Amino acid sequence: MHVHRLERIWMTFGIVALVIFLGVLGTAAISEGIVPPSHIQTIDPTKVVTTPPFNNPGLRKIGENEYEAYILAQYPAFTPHEISIPAGAKVTFFTTSSDVVHGFFITNTDVNLMVVPGWVSTATHVFRSPGQYLLLCNEYCGREHHYMYGTIEVR
Ligand code: CUA
C-alpha cells in the first residue's frame, strides 16, 4: 500500500501528539494524584446519611447574601428538593451520593457536576437574576432517573 509522504507526516504528527497528551495526562494523574477539580473531599458513601453535614442537608447562611447548600443525591431524589435564596446570592453547593453516580446540573448556570459516591463535589454560583432554576440529575441512575430534580427559587 502506498501512503503519500505528506499523509505519513500528518499521521506521525497525530500519533506523536496523542502520545504526548496521554503521557501528560497519565503523569499528572498518577504522580501528582490529580482528580477532577470539584472533588476535594472524600466521604464514606455507606455512612453519608449519618455524617455531618449531610446528616442534615440544607441551606446555611454564612455571610452577607452568601450561602452554602448541602444537597444529598440519593436515588431518585435530591434532598433538599427546593431551596430559596435572594437575588445576588452567592451559593457554594456541596453534593455527594449515598448510592450510585448522579449528575448535578443547574439550568442557565455553569454548575454541572458529576456526583460520585465517596466524593464531595462542589461548585459556586452567583444567582444574579430572579427566577426559578431547575436542578437536574443528568447521569442516568436508574428507572426513575427522570424524576430526579429540584428547584432553586431566586427571589
Ligand atoms: Cu440521579 Cu439520574
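Note that the structure is a prediction, hence the values are computed from the model and not measured.

The rules behind each value
- Residues numbered from 1 in each chain as written.
- Predicted model: local features only at pLDDT ≥ 70, side-chain atom pairs only at ≥ 80, totals over all residues.
- Heavy atoms only, no water.
- Domains from an automatic or database assignment.
- Phe/Tyr/Trp six-rings, centres within 6.5 Å; stacked < 30°, edge-to-face > 60°.
- Helix = DSSP H or I, 4+ residues; strand = E, 2+ residues; numbered from the N terminus.
- Buried < 20%, exposed > 50% of the residue type's maximum accessible area, 1.4 Å probe, protein only.
- Pairing = 2+ DSSP bridges.
- Axes fitted to C-alpha atoms, helices over the stretch in contact; angles between N-to-C directions.

### Here's the deal with the domain arrangement of the chain
And step 1. When cut into domains, the chain gives domain 1 (1–36) and domain 2 (45–154).
And step 2. Once you take the C-alpha centre of each, domain 1 and domain 2 turn out to be 37 Å apart.

### A word on the packing of aromatic side chains
And step 1. Counted by the stated rule, this structure contains seven aromatic pairs.
And step 2. Arranged with centres 5.8 Å apart and planes meeting at 90°, the rings of Phe 78 and Phe 104 form a pair that is edge-to-face. Here Phe 78 is found in strand S4 (residues 77–79), whereas its partner Phe 104 is found in strand S7 (residues 102–106), with 26 residues between them in sequence. By the burial criterion, Phe 78 is buried, and Phe 104 matches it.
And step 3. Taken together, the ring pairs in this structure connect Phe 78, Phe 93, Phe 104, Phe 127 and Tyr 133 into an aromatic cluster.

### Remarks on the environment of Val 120
And step 1. When you line up the elements, Val 120 lands in strand S9 (residues 119–127).
And step 2. A C-alpha to C-alpha distance of 26 Å links Val 120 and Val 24, two positions 96 residues apart in sequence.

### Digging into the sheet that holds S7
And step 1. Reading across the sheet, the five strands line up as S5-S11-S10-S7-S8 and stay open at both edges, with mixed pairing between neighbours. Each edge of the sheet is formed by a strand with only one pairing partner; in this case those strands are strand S5 (82–85) and strand S8 (112–115). The sheet shows a mean angle of 20° between the axes of neighbouring strands, direction not considered.
And step 2. Two elements, S7 and strand S10 (residues 131–136), share two bridges in a ladder whose sense is antiparallel.

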